[in-house]
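Listed below are the residues making up each chain.
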Amino acid sequence: MSRVLVGVKRVIDYAVKIRVKPDHSGVVTDGVKHSMNPFCEIAVEEAVKLKEKKFIKEVVAVSCGPTQVTETIRTALAMGCDRGIHVEVSGKDYEAMGPLQISKIFAALAKKEEASLVILGKQAIDDDCNQTGQMTAALLDWPQGTFASEVTIDGEKVKVVREIDGGLETIKISMPAVLTADLRLNTPRYATLPNIMKAKKKKIANMKPADLGVDEPPTRLAGVKVETVDDLVAKLKANGTI
Amino acid sequence: MDVKKGRVSSAHGLSDEQKEFQKMAFDFAAHEMSPHMAEWDEKEIFPVETMRKAAQLGFGGIYVQPEVGGSGLSRLDTSVIFEALSTGCVSTTAYISIHNMCNWMIDTFGNTEQREKFCPELCTMDKFASYCLTEPGSGSDAASLLTTAKLEGHHYILNGSKAFISGGGDTDVYIVMCRTGGKGPKGISCVVVEKDTPGLSFGKKEKKVGWNSQPTRAVILEDCHVPVTNRLGQEGQGFNIAMRGLNGGRINIASCSLGAAHACVQLARDHLLVRKQFGEALSNNQFLQFKLAEMATKLVASRLLLREAAVALQESRSDAVSLCSMAKLFVTDECFNICNQALQMHGGYGYLKDYAVQQFVRDIRVHQILEGTNEVMRMIIARSLLSESG
């Protein structure tokens, strides 16, 4: 049981009053306070705790995005992760990026790093997708323990208590596996002053999605409006969808 | 940190590492201190558990050497940290800074045994410290202190009383400046008196306008036997040790004022945007816009002077003492005015204890008085300006 990958996303800070851009194309992010997604903090904390309990040897913090996301990786390092990986995506590509591309990147990294666990936050507070963990598990064909409120390593298996609509569900899954952290899994630690100083010396590797064999997200094509259902059916038949 | 377009941020000019310290300190202040600030003030609670949590993060000995458990950071790092923590509770942060000052004095002037005995537990805040210089008869004229320390065998017998001691009665380690020799500063030594030493007692807990999350008491010494091995440095070096401690202490106290002013400018700004009178938000009123601009300008000026003084002290520059005095004088005065003005902008609400602004005003008022009054700061600056060698 050697290595855990933890995903950390840089999002607009939860306390900020969100404003919509004048052209309605999105929300204002320029000059707005950003921080690590709270569920990602919980994921980092869980990974660091597993390392402190000696279940794993190394925690690698991963973030996808422009240069600024290295701040978020540094925070993860200050919390106790051993090294970081910055998968660089910027500009329009970054805006178009969604859970599917991220999960492809994480799946590729999980294989490359021979990770035993991939721990992610259950969702990000900006898009609330709640998809990346599940998609990553599917791409890797690994078991998943999502909405985890308790994680226990038992030999080569992980016992996960999940928060579900009906209450709590306990499952036992084999490793390697993907876990997603829910609110009550733990209380993230503050980085200590000594750890912030140690983090300065920890390495952050830089790479592009292409280095992992992951394509750029496809450009979205414009759609076409049709007048009737018959037109819709005809068009779908014409392009081979049905 | 909070980088709004065009606004001067408190993170400006800091290294990446300092920004991390600052972010962590702001988070700690917002989550662990701010929610309790009013209760600690009202109920006069000395928040031992919260301070120990802070110590676990390295705040118990910020500029103390790592080999005795400290964080080994610079004076500038320390100023940034105290400024951020103060936004959560000035009174508690100010006490933490006094504790740090005492810890540093032992670390710097103590011998190996003393450092190893006291510093680790002060760094974890398993034990708390107090700085005892002022007496009923000697405040600004500190060198005229009367507490005596008579050498008898392997002990000093201490007799006298200290006034206005922060933490007094609830702390474990008392750094006491006392007279072992003749009159004036050269007759003063510095000894560490431990809690429960026979002959050590305390006056009543003072009722204060602010700083209520730390108890303040007189410290009374009646034939108090202190081992000679508890003396820091040489006999006659005590006043110098006390003043060296205070140089840093002045940076720290000014940092606390700065944090309070930073918080109050934000509170005032938010209030102006929300409160409406005469059919529009107060933020449309030119007088208030100009006033807010002046407050922000003085805040930034304060911060720059303070950080420069911190760097000068760290580098032991020849102008460090003057700069520390200038910074303490300017920053505590200007920041009090900023907080006071912020209270005024809140109107009647500013006078209610439901609103934090009044606590910031009450808590930082004393920063213009202690650790050397702002009048004494002027004496120090003038002396340096008018000295023969200048």
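Naming follows an unreviewed UniProt entry, where chain B appears as Isobutyryl-CoA dehydrogenase, mitochondrial of Oncorhynchus tshawytscha. As recorded by UniProt, the Cofactor (unreviewed entry) comment attached to chain B reads in full: "FAD". UniProt's Function (unreviewed entry) comment on chain B is quoted here verbatim: "Isobutyryl-CoA dehydrogenase which catalyzes the conversion of 2-methylpropanoyl-CoA to (2E)-2-methylpropenoyl-CoA in the valine catabolic pathway. To a lesser extent, also able to catalyze the oxidation of (2S)-2-methylbutanoyl-CoA."

As annotated in an unreviewed UniProt entry, chain A is Electron transfer flavoprotein subunit beta from Oncorhynchus tshawytscha. Taken from UniProt, the Sequence similarities (unreviewed entry) comment for chain A reads in full: "Belongs to the ETF beta-subunit/FixA family."

A. Layout of the side chain of Ser97 of chain B. Residue and element names in this part refer to chain B. Here Ser97 shows up in helix 5 (residues 90-109). Relative accessible area serves as the criterion here: at 2%, Ser97 is assigned to the buried category. In terms of polar contacts, Ser97 uses its side chain to reach the backbone carbonyl oxygen of Ala94, at 2.7 Å. Leaving out residues up to four positions away in the same chain, Ser97 has contacts with Tyr63, Phe82, Asn252 and Ile253.

B. Geometry of helix 5 of chain B. Given a rise of 1.5 Å per residue, 20 residues ought to cover 28 Å, and the 28 Å separating the end C-alpha atoms of helix 5 of chain B matches this to within 8%. Most of helix 5 of chain B sits inside the fold, with 19 of its 20 residues counted as buried.

C. Highlighting the nonpolar core. Ranked by size, the top nonpolar core spans 141 residues in total, and within it Leu117 of chain A together with Phe59, Tyr131 and Met177 of chain B carry the most contacts. With 16 residues, the single largest contributor to this core is helix 7 (residues 238-274) of chain B. The residues contacting Tyr131 of chain B, other than those within four sequence positions of it, are Ile98, Met101, Cys102, Met105, Ile165, Ile175, Met177, Ala242 and Leu246 of chain B. Among the nonpolar cores identified, the runner-up in size contains 25 residues, and Phe106, Leu140, Val178 and Leu212 of chain A belong to it.

D. Representation of the interface of chain B and chain A in the model. Between chain B and chain A, the contact holds 22 residues from the first and 16 residues from the second. Taken together, the two surfaces of chain B and chain A that pack against each other cover about 1600 Å², and 62% of this comes from carbon and sulfur. Its largest share of buried area at the contact with chain A, chain B owes to Glu17, Glu20 and Leu57 of chain B, together 32% of the area lost on that side. Run the count over chain B and chain A and you get one salt bridge. Between Lys200 of chain A and Glu17 of chain B there is a salt bridge, with the nearest N and O atoms lying 3.4 Å from each other. Connecting chain B to chain A are six residue pairs in polar contact (both at pLDDT 80 or more). Those elements giving two or more residues to the side of chain B that touches chain A turn out to be helix 1 (16-33) and helix 3 (48-59) of chain B. The element that contributes the greatest number of residues to the side of chain B that touches chain A is helix 1 of chain B, accounting for nine residues. For the side of chain B that touches chain A, a count of residues per class yields ten nonpolar, four polar and eight charged.

E. Inspection of unusual backbone geometry at higher detail. At the junction of Met175 of chain A and Pro176 of chain A, the peptide bond is cis and its omega measures out at 5° in the coordinates. Structurally, Pro176 of chain A can be placed in the loop between strand 9 (167-174) and strand 10 (177-181). The phi torsion at Asp141 of chain A lies on the positive side, around 60°, for a residue other than glycine. By the element assignment, Asp141 of chain A lies in the loop between helix 5 (132-140) and strand 7 (144-154). One non-glycine residue with positive phi stands out, namely Trp211 of chain B, at about 50°. Note on placement: Trp211 of chain B falls in the loop between strand 6 (200-202) and strand 7 (216-227).

What counts and what doesn't
- Residues numbered from 1 in each chain as written.
- Chains lettered and ligands numbered in written order.
- Predicted model: local features only at pLDDT ≥ 70, side-chain atom pairs only at ≥ 80, totals over all residues.
- Heavy atoms only, no water.
- UniProt positions renumbered as here; feature names shortened; annotations may be inferred.
- Helix = DSSP H or I, 4+ residues; strand = E, 2+ residues; numbered from the N terminus.
- Buried < 20%, exposed > 50% of the residue type's maximum accessible area, 1.4 Å probe, protein only.
- Polar contact = N/O pair within 3.5 Å; in protein donor to acceptor, adjacent residues only side chain to side chain.
- Contact = heavy atoms within 4.5 Å.
- Expected span 1.5 Å × (residues − 1).
- Core = buried A, V, L, I, M, F, W, Y, C linked by side-chain atoms within 4.5 Å.
- Buried area = accessible area lost by both parts, 1.4 Å probe.
- Salt bridge = Lys/Arg side-chain N within 4 Å of Asp/Glu carboxyl O.
- Nonpolar A, V, L, I, M, F, W, Y, C, P; charged D, E, K, R; others polar.

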